[in-house]
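Commentary on secondary and tertiary structure
If you want the building blocks of each chain, they are given just below.
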Protein chains: 2
Amino acid sequence: MKENAFIYDYNNLLTTNIGDKEGVSFDDIIKINDKITKAYSTVFDKPVANTKAILEALNKTDLNAIKNSAKSIRSRCDAFVVLGIGGSALGANAIFKALTHFRHNELPKNKRNAPRFFVEDNVDPTRLNALLDVIDLNRTVFCVVSKSGNTTETLSQFFAFRKMVEAQVGEAWKEHFVVVTDDNQGKLNRYAEQNGLERFFIPNDLGGRYSVLSPVGLLPAAVLGLNIDALVAGAKAMYDASKSQDVWENAPLLSAVLDYINYTRGKCMSVVIPYCESLDLIGDWYSQLWAESLGRNAVIDGNEFKIGQTPVKALGTSAQHSQFQLYLEGPSDKIFTFIAVQKFKNDIPLPADLNDMFGQDVTKNRNFSDLINIERVASTIALTSFNRPSETITISEVNECVLGKIFMFFILKTLFMGALLKVNPYNQPAVESIKIGVKAILKSDTKTMPLRTIEV
Amino acid sequence: MKENAFIYDYNNLLTTNIGDKEGVSFDDIIKINDKITKAYSTVFDKPVANTKAILEALNKTDLNAIKNSAKSIRSRCDAFVVLGIGGSALGANAIFKALTHFRHNELPKNKRNAPRFFVEDNVDPTRLNALLDVIDLNRTVFCVVSKSGNTTETLSQFFAFRKMVEAQVGEAWKEHFVVVTDDNQGKLNRYAEQNGLERFFIPNDLGGRYSVLSPVGLLPAAVLGLNIDALVAGAKAMYDASKSQDVWENAPLLSAVLDYINYTRGKCMSVVIPYCESLDLIGDWYSQLWAESLGRNAVIDGNEFKIGQTPVKALGTSAQHSQFQLYLEGPSDKIFTFIAVQKFKNDIPLPADLNDMFGQDVTKNRNFSDLINIERVASTIALTSFNRPSETITISEVNECVLGKIFMFFILKTLFMGALLKVNPYNQPAVESIKIGVKAILKSDTKTMPLRTIEV
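Residues numbered from 1 in each chain as written. Chains lettered and ligands numbered in written order. Predicted model: local features only at pLDDT ≥ 70, side-chain atom pairs only at ≥ 80, totals over all residues.

Before going further, it helps to spend a moment on unusual backbone geometry. Only a minority of non-glycine residues have a phi that is not negative, and only a minority of peptide bonds are not trans. Here A:Gly316 and A:Thr317 are connected by a cis peptide whose omega angle stands at -5 degrees. By the element assignment, A:Thr317 lies in the loop between β10 (310-313) and α14 (324-329). Backbone geometry at B:Asn4 places phi at a positive 60 degrees, although glycine is not the residue there. Tracing the backbone through its elements, the reader meets B:Asn4 in the segment before β1 (6-9). Residue B:Asn365 is not a glycine yet carries a positive backbone phi of 60 degrees. Mapped onto the secondary structure, B:Asn365 falls in the loop between α15 (355-358) and α16 (368-385). B:Asn365 sits in the exposed class, given 9 other C-beta atoms within 10 Å. (Helix = DSSP H or I, 4+ residues; strand = E, 2+ residues; numbered from the N terminus. Buried ≥ 20, exposed ≤ 12 C-beta atoms within 10 Å, placed from the backbone.)

This is the structure we're talking about:
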């Protein structure tokens with residue numbers, strides 16, 4: 001396999017592998033050729049401003065400015081804390097887990113080449129206090145990320161930490177905060193401007209959940225000492241390869257088409273299963289992208305449809321001992337996306353003591369990376385034998401370039417799926433109702449009490 | 001609210017709150033009264049051996065033996081590593097996250113009153129090597145957990161670490177391993193016996209995913225310095241309260257009944273959402289319990305049904321910014337279980353800088369714990385306004401006793417659900433097909449190659 005390779009394998013979605021009832025045939029695809037052409041066109045020929053912004057972020061983000069800022073931040077902190085939620089947190093967290101040492105924060109300082117790293121994406125007070133127990137505010141930089149600049153959770157954290165830092169270092173608190181937001185009239189931007197905080201801007205038309213390849217994901221990546229040029233280059237390579245109008249050569253388009261056909265046949269869940277611990281949080285990032293972009297009360301040709309496939313996160317091999325009983329024998333309501341890694345960063349030989357359990361030498365020339373891949377193959381074979389549809393993305397290794405390809409694959413797949421489903425993948429109208437509720441309760445003194453309950 | 005309280009609130013599942021179409025009426029429940037009586041009887045009047053074993057583990061586990069062993073382990077290690085997968089890992093991990101400091105492993109030694117703690121539940125070589133970078137094998141104790149004693153993943157880890165420890169400390173390697181397994185002829189038990197390793201036994205009839213309140217979960221808990229008496233007492237309190245034959249007084253039974261009615265109406269997913277970071281891994285533990293116990297190719301009255309509700313893990317408030325768009329507007333195919341916490345371990349005042357965004361003083365006398373609870377209430381109100389069914393478990397606080405209640409609530413709910421669905425909740429027949437596949441591939445030289453693929 002070539003360096004930085006990304007291989008999309010769809011064989012286990014086809015009738016040849018899982019039979020006529022569950023599989024997709026070439027005819028099934030040819031039949032919806034017009035839809036496919038139209039979906040392609042929606043994304044590439046007639047892109048809306050939100051779609052254009054995705055490519056523009058790749059081409060126009062000033063990577064040198066990010067690298068320079070990161071260099072300065074690295075020199076003045078031992079801990080870097082991202083304050084954000086949803087699209088402002090999940091991408092940075094996925095990058096962190098994928099590309100740094102698996103126990104980065106627990107390594108002694110002389111074995112780390114980057115500050116300790118935290119993504120605080122909740123308002124749980126016990127978690128926030130726990131953070132304070134392990135960082136030195138004098139040596140901490142906070143990165144406050146909010147697209148709108150008005151996110152209650154993020155601003156609450158920001159103002160709370162700002163006060164604490166100021167109590168320790170006075171006016172110099174301003175050097176402990178960098179802001180990533182829209183260049184608009186949101187509270188965060190205005191506040192940052194008034195106080196002279198360092199700012200990076202998210203392009204106006206770039207949706208939060210599509211923003212991992214803007215300063216939202218790239219500044220944290222650069223602070224971690226990662227190669228952000230390669231991250232962007234990988235994403236561009238996937239973007240360029242996906243301009244092929246031949247669906248058989250276009251991985252995100254073909255994957256969207258196969259998923260769309262499965263969705264119309266009742267596969268209401270999309271399960272992503274990396275067989276690689278460091279890719280675990282890709283599942284969380286993808287889950288937001290897929291759920292928030294495609295979960296819709298859609299009005300199509302005058303009729304109302306409640307649509308959207310539910311993303312389900314799993315991890316191999318652990319899920320075999322937790323979820324696969326349901327996946328194999330339960331309702332056939334899921335489509336599976338495996339992510340396989342050919343070469344792990346390092347390895348451990350399989351111990352020979354295992355052999356007597358198998359009655360022969362199974363460990364010779366084999367490492368743990370072989371075991372995890374054998375487990376994956378066995379799982380896909382089992383799913384296939386139960387006629388359950390699965391696709392597999394195999395990557396040569398986990399590095400910046402390949403991760404960029406993975407991000408862009410799922411972003412484009414989401415856009416194509418949105419086009420096939422005829423929904424706008426950029427807004428999130430229903431979430432407003434919660435925000436309105438939060439504000440209403442905050443403004444009131446209401447205490448809600450349960451009515452009928454059982455107490456134990 | 002009383003100390004150690006557990007309150008089950010089902011109002012948002014009823015027709016009164018979410019309307020006739022989505023809600024359950026009292027009549028709906030009365031109509032299946034015979035089924036309910038039978039389900040109760042299956043669990044309490046005519047329990048099979050596997051069910052009896054759950055109560056026996058509570059009553060007969062020698063807690064003093066566990067405490068004594070834990071005391072000795074604590075004195076001889078700085079790191080305690082559980083090697084296990086599935087039911088041998090998820091309970092211990094849930095206990096760890098719920099009841100210790102949120103950044104336990106990152107605290108300096110003098111601020112921790114327990115060894116650092118790791119649950120290694122995968123065979124990813126990069127993750128295993130990362131562990132080696134942050135522990136000192138001379139001061140590490142491994143706890144090898146496998147019900148069958150033949151789990152390939154766990155034995156691979158065990159033998160690999162055993163070799164490394166022996167290389168450092170020679171014959172004394174035996175003091176670095178403690179084994180939790182079935183007292184049977186599995187490889188782990190035999191090996192432990194031959195080498196004189198300390199052993200704890202899992203009762204023969206106790207299924208792995210039901211074993212958190214046996215040495216599987218209790219030994220790690222005791223090593224962490226937690227109160228295992230209270231953990232068991234909480235579980236017993238829930239068990240005893242659930243013996244009520246009145247469904248309206250029996251929280252796990254009522255919850256199972258309401259979920260069963262929802263399931264028969266097409267709610268194919270069960271979403272658990274704690275609004276509390278420390279309860280996050282309860283979702284993983286529950287996901288295995290629910291999926292593996294109820295995902296079945298069931299033969300009922302001669303007909304074959306593929307059944308099982310898919311567990312989906314979410315976390316408040318983060319999920320509001322990631323999943324709720326789908327939850328509110330997408331297909332109504334889910335039932336939601338919120339877990340609310342009244343009193344957090346500690347708190348932080350909401351910063352007054354927030355007030356100008358709201359145009360009034362909303363932060364006075366309010367803390368982050370109020371914010372997270374307000375967000376939860378706003379989310380349940382939003383779901384209810386979209387007629388989406390939800391139930392809420394409110395606990396007074398996160399402690400050992402309450403956690404014991406939570407474990408037993410979900411265990412009993414699963415058993416009642418199994419009885420209502422007429423399935424055996426104890427086996428996992430389909431998983432065997434993967435294990436057979438793994439062994440077959442390990443024994444062969446086969447390399448599987450993708451056929452039709454797209455490479456980028």
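Back to the write-up after that little detour.
Much of the literature gives interface size as the accessible area that the parts lose upon coming together. Residue and element names in this part refer to chain A. For chain A, the assigned domains read domain 1 (6-48 + 233-421) and domain 2 (62-226). Using C-alpha coordinates to define each centre, domain 1 is positioned 31 Å away from domain 2. For the side of domain 1 that touches domain 2, the element with the highest residue contribution is helix α13 (residues 282-294), accounting for seven residues. (Domains from an automatic or database assignment.)

Ranked by size, the top nonpolar core spans 312 residues in total, and within it A:Cys143, A:Phe416, B:Cys143 and B:Phe416 carry the most contacts. Residues contacting A:Phe416, with those up to four places away along its chain left out, are A:Ala39, A:Val43, A:Pro252, A:Leu253 and A:Ala256. (Core = buried A, V, L, I, M, F, W, Y, C linked by C-beta atoms within 7 Å. Contact = placed C-beta atoms within 7 Å.)

Here the focus is the sheet that holds strand β5 (residues 177-182) of chain A. The strands that make up a sheet are held in pairs by hydrogen bonds between backbone atoms, and each pair lies either parallel or antiparallel. Residue and element names in this part refer to chain A. The five strands lie next to each other as β3-β2-β4-β5-β6, forming an open sheet whose pairing is parallel. Here the strands that pair on one side only, and so sit at the sheet edges, are β3 (116-120) and β6 (198-202). The average undirected angle you get between the axes of adjacent strands in this sheet is 15 degrees. Looking at chain direction, β5 and β6 are connected through five bridges and run parallel. Each bridged residue has a counterpart across the sheet, and for Val-178 the counterpart in β6 is Glu-198. Contacts between helix α8 (residues 152-169) and the sheet are confined to β2 (79-83), β3, β4 (140-146) and β5, with β4 contributing the most and set at about 155 degrees to the helix. Strands in contact with helix α10 (residues 215-223) are β2, β4, β5 and β6; relative to β6, the strand with the most contacts, it is inclined by about 135 degrees. (Pairing = 2+ DSSP bridges. Axes fitted to C-alpha atoms, helices over the stretch in contact; angles between N-to-C directions.)

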